[in-house]
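These are the residues of each chain, in order.
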Amino acid sequence: MSYVHDNPGGTEAHGVDLIDGDSPAVRILVHGDLPTTIEHEGRTWLATGDAHDDGDASAPPIAIYRPV
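What counts, and at which threshold
- Residues numbered from 1 in each chain as written.
- Predicted model: local features only at pLDDT ≥ 70, side-chain atom pairs only at ≥ 80, totals over all residues.
- Heavy atoms only, no water.
- Helix = DSSP H or I, 4+ residues; strand = E, 2+ residues; numbered from the N terminus.
- Polar contact = N/O pair within 3.5 Å; in protein donor to acceptor, adjacent residues only side chain to side chain.
- Contact = heavy atoms within 4.5 Å.
- Buried < 20%, exposed > 50% of the residue type's maximum accessible area, 1.4 Å probe, protein only.
- Salt bridge = Lys/Arg side-chain N within 4 Å of Asp/Glu carboxyl O.

Draft legend 1. Molecular detail of the side chain of D17. Relative to the helices and strands, D17 resides in strand β2 (residues 13-18). Among the polar contacts listed, one links the side chain of D17 to the side chain of R27, at a separation of 2.7 Å. Aside from chain neighbours lying at most four places away, what touches D17 is A25, V26, R27, H52, I62, A63, I64 and Y65.

Draft legend 2. Structural detail: the environment of A47. By secondary structure assignment, the location of A47 is in strand β5 (residues 43-52). Judged by its relative accessible area of 31%, A47 falls in the partly exposed class. Once residues lying within four places of it in the same chain are set aside, the contact partners of A47 are P35, T36, I64 and Y65.

Draft legend 3. Spotlight on the environment of L18. One can find L18 in strand β2. Sequence spacing of L18 and P67 is 49 residues, and the spatial spacing of their C-alpha atoms is 7.7 Å. Leaving out residues up to four positions away in the same chain, L18 has contacts with A25, V26, I28, H40, W45 and Y65.

Draft legend 4. Geometry of the pattern of salt bridges. This structure, assessed with the given rule, holds two salt bridges. Measuring nitrogen to oxygen at the nearest pair gives 2.7 Å for the salt bridge that ties D17 to R27. Of this pair, D17 sits in strand β2 while R27 is found in strand β3 (residues 26-31), placing the two residues ten residues apart along the sequence. D17 sits in the buried class, given a relative accessible area of 4%. Across the pair R43 and D20 runs a salt bridge, and its minimum N-O distance is 2.9 Å. In this pair, R43 sits in strand β5 while D20 sits in the loop between β2 and β3, placing the two residues 23 residues apart along the sequence. Residue class for D20 comes out partly exposed when judged on its relative accessible area of 31%.

Structural data, given as structure tokens:
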């Protein structure tokens, strides 16, 4: 399931994976600049600075966030 997090700062969209241990990642789409933290479903997620490739050479890497 994907969600959209609105963040003013531009029209570009970035994929973000919210990863908590061994649970399946939740992928969301962030419009604008990637924030340091994201609030999602009552939790705060912090950018790790890591990213991974989703297999599409024309798409930017998926940013990884973990719960605080």
